[in-house]
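Chain by chain, the residues:
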Amino acid sequence: MKRQIPFILLVLLVLAGCGTGTGNMPRIILDTDMGNDIDDALALAAMNRYIDEGQARVLAIGMSKEGAAAADFTDIVQTWYGHGDIPIGRVSANTGPKTTDIHYTDRVCALKDEAGAPLFAQTFESKDGALRPTTDELYRRVLAKQKDHSVTFVTVGFSTNMASLLATPADDISPLTGAELVARKVKELVMMAGNMAEASGEFNVVQDIVAARKVFAEWPTPIVVSPFELGSRVKFPHTRVKDLAGGEQPNPVAEAYRFYLGPDYDACSWDPTALIYAVEGESMFTLSPAGKIEVDNKGITRFTPAPEGKHRYLIADIKQVMALTLHLVELTTTARE
Ligand SMILES: [Ca+2]
C-alpha cells in the first residue's frame, strides 16, 4: 500500500497540470532591436529552445528599429528553428530611434549556397519590411485575443514600441486603448534596460529616452529589469559558437556571431538574461526590493526603493553569473532534432 502513494500523488499532480503542464507556460511577446548586438540573436536561439521544450509560447516578435534587415534576419532564424509561423512586426513609431545599424543582419540575409541560392530560407516571402504589420497593430491583435493578465512582454531593445502601444487609441481591433489593453492582458514587462550600479546611460534607454521615460512612468503592470551590469558579466564563450544548435549544418545565429566582431569575441548576454527570467522566473537570480525606476533627460536610470513600487531589477552574484553562463550555453547549443 505504501508503494502506491507516490504513484497516486504523481497521477494527481499530472491531472492538476503541475510539473511540465502547460497551464502556467509563459505566453511571450518579444520586442528586439535585432542587429545592434549579437545577444539579441542568442536570445532568439534560447527562445526557440524554450518553445521546443514546451516551456514557453511565443505570440509575436517585434522590431524596435527601422529597416527590413532586422525582421528578415529574425524570420530566417525562426524559420531555421522551425518556428517561422510566429508573426513579426515592424517598428511602429515614426519618431522612433534612428539607430539602424545592421552589423550582421543584412550579411546573413545575403549569404548564398554553392548554387547561388539564398543559404537560409525565410517564411515571409516579401523582402519589403513595410509589408509587415506595425507592432502597434500586431500587439493589439495578439493582446486582444489573450486571457486577462496572461502575457509577458520581454523587451530587449528600445522602449519605442511599448510607448507607442500605450498611446494607441481604441479601434476595430479592440475597444480598449493601448494602456487599457496592456493593463487588462499583460502580467509583467521584463526589460533589458538601464544601469542600476552606476549613473551611466544604458544603450537601450539612451536610444529612445522619451519612450523609456514614458514606459517607466506609465506602464501599468509590474516591470522587472535586467540591467547592464548583470548581462555584461554573463559572457557567452566564443569557443562554443561552433556548437550552436545545428551541428554540421550552417546556423544563422552562428553565422551572425562570426560576422559580429569576429569569432574570438565572448558576447555579453544582456538580452538572454531577461529572457531566462521571463521564462524561468527568479530561481537563477536575486530580485531587488520593490521600488520605482525613473529615467532622467539624459537617459540615466535611478531606482528608489518603495514598498508599493511596481519595479524591481535582477541581481546576480558570481555564482549566479557562472550558473547563468552555463545555462545559456546549454540552452543554445543543444543539438537540433
Ligand atoms: Ca538588444
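First things first, this report covers the structure right here in the doc. Bear in mind the structure is a predicted one, so any value in this text is a computation, not a measurement.

**A closer look at the overall build of the protein chain**
When its secondary structure is counted, the protein chain shows 13 helices and twelve strands. Put simply, the protein chain has 337 residues, and 54% of those count as buried.

**Looking at the packing of aromatic side chains**
Tallying each qualifying case throughout the model produces eleven aromatic pairs. With 4.8 Å between their ring centres and 70° between their planes, tryptophan 80 and tyrosine 81 make a pair best called edge-to-face. Accessibility expressed as a relative area gives 10% for tryptophan 80, which makes it buried. According to the relative accessible area criterion, tyrosine 81 is buried, its value standing at 9%.

**Section: the pattern of salt bridges**
Tallied over the full model, the rule gives eleven salt bridges. Two residues, glutamate 255 and arginine 258, come together in a salt bridge whose shortest N-O distance is 3.5 Å. Within this pair, glutamate 255 and its partner arginine 258 are both found in helix α11 (residues 252-259), separated by three residues, close to a single helical turn. Between glutamate 294 and arginine 302 there is a salt bridge, with its nearest N and O atoms 3.3 Å apart. The exposure class of glutamate 294 is partly exposed, given its relative accessible area of 34%. Here the salt bridges share partners, and the residues they tie into one network are Asp72, Asp75 and Arg132.

**Things to note about the coordination of the calcium ion**
Only Asp33 (OD), Asp40 (OD), Asp40 (OD), Val156 (O) and Asp271 (OD) from the protein reach the calcium ion as donors, at distances of 2.3 to 2.5 Å. Motif for the calcium ion, donor spacing along one chain: D-x6-D-x115-V-x114-D. Here aspartate 33 is found in the loop between β1 (27-32) and α2 (39-52), whereas its partner valine 156 is found in the loop between β4 (151-155) and α6 (160-166), with 123 residues between them in sequence. A single burial state applies to aspartate 33 and to valine 156, both of which are buried.

**Digging into the side chain of threonine 221**
Tracing the backbone shows threonine 221 in the loop between α9 (209-218) and β6 (223-226). Here threonine 221 falls in the buried class, since its relative accessible area comes to 4%. Setting aside residues no more than four positions away along its own chain, threonine 221 makes contact with Val182, Val186, Lys187, Glu188, Leu189 and Lys310.

**Brief notes about unusual backbone geometry**
A positive phi angle is found at histidine 149, which is not glycine, with a value near 55°. Following the sequence through the fold, histidine 149 ends up in the loop between α5 (135-144) and β4. For histidine 149, a relative accessible area of 48% corresponds to the partly exposed category.

**Concerning the environment of isoleucine 38**
Mapped onto the fold, isoleucine 38 is located in the loop between β1 and α2. You can call isoleucine 38 buried: its relative accessible area is 0%. Between the alpha carbons of isoleucine 38 and alanine 254 there is a distance of 9.8 Å; along the sequence they are 216 residues apart. Here isoleucine 38 is in contact with Tyr104, Val253, Ala256, Tyr257, Tyr260, Tyr265 and Ala267, once residues within four sequence places are set aside.

**Looking at the packing of α2 against helix α12 (residues 270-280)**
Two quantities define a packed helix pair, namely the angle between the helix axes and the distance between the axes. Packing of α2 against α12 brings their axes to within 7 Å, and their N-to-C directions diverge by 25°. Judged by the angle between their axes, α2 and α12 are roughly parallel. Crossing of α2 against α12: the hand is right-handed. Facing α2, whose interface residues are Asp39, Asp40, Leu42, Ala43, Ala46, Met47 and Tyr50, α12 presents Trp270, Asp271, Pro272, Leu275, Ile276, Val279 and Glu280. Tallied by class, residues from the contact of α2 with α12 come to ten nonpolar, no polar and four charged.

**Structural notes on the packing of α12 against helix α13 (residues 318-333)**
Here α12 crosses α13 at 85°, and the two axes come no closer than 11 Å. Classed by the angle they form, the pair α12 and α13 counts as roughly perpendicular. In this structure, α12 contributes Pro272, Ile276 and Glu280 to the contact, and α13 contributes Leu324, His327, Leu328 and Leu331. Partitioned by chemical class, the residues of the contact of α12 with α13 number five nonpolar, one polar and one charged.

**With respect to the pairing of strand β11 (residues 301-305)**
The sheet contact formed by strand β10 (residues 291-295) and β11 spans five bridges and is antiparallel. Across the sheet, lysine 292 pairs through a bridge with threonine 304, a residue of β11. Between β10 and β11, which follow one another and run antiparallel, lie five residues, and glycine 299 among them has a positive phi close to 90°.

**Observations regarding the nonpolar core**
Among the nonpolar cores identified, the biggest contains 65 residues, and Ile61, Phe73 and Phe236 are the most heavily contacted of them. If one sorts the elements of this core by residue count, α2 sits on top with eight residues. In contact with phenylalanine 236, other than residues within four places in its own chain, are Leu42, Val241, Leu244, Tyr257, Tyr265, Asp266, Ala267, Ser269, Leu328, Val329 and Thr332. Ranked by size, the runner-up nonpolar core spans 34 residues in total, among them Ala163, Leu189, Ile209 and Val295.

What counts, and at which threshold
Residues numbered from 1 in each chain as written. Predicted model: local features only at pLDDT ≥ 70, side-chain atom pairs only at ≥ 80, totals over all residues. Heavy atoms only, no water. Helix = DSSP H or I, 4+ residues; strand = E, 2+ residues; numbered from the N terminus. Buried < 20%, exposed > 50% of the residue type's maximum accessible area, 1.4 Å probe, protein only. Phe/Tyr/Trp six-rings, centres within 6.5 Å; stacked < 30°, edge-to-face > 60°. Salt bridge = Lys/Arg side-chain N within 4 Å of Asp/Glu carboxyl O. Donors = N, O, S within 2.8 Å, 3.2 Å for Na, K, Ca; no water. Contact = heavy atoms within 4.5 Å. Axes fitted to C-alpha atoms, helices over the stretch in contact; angles between N-to-C directions. Parallel < 35°, antiparallel > 145°, perpendicular 65-115°, else oblique. Left-handed = near helix turned anticlockwise from the far one by under 90°. Nonpolar A, V, L, I, M, F, W, Y, C, P; charged D, E, K, R; others polar. Pairing = 2+ DSSP bridges. Core = buried A, V, L, I, M, F, W, Y, C linked by side-chain atoms within 4.5 Å.

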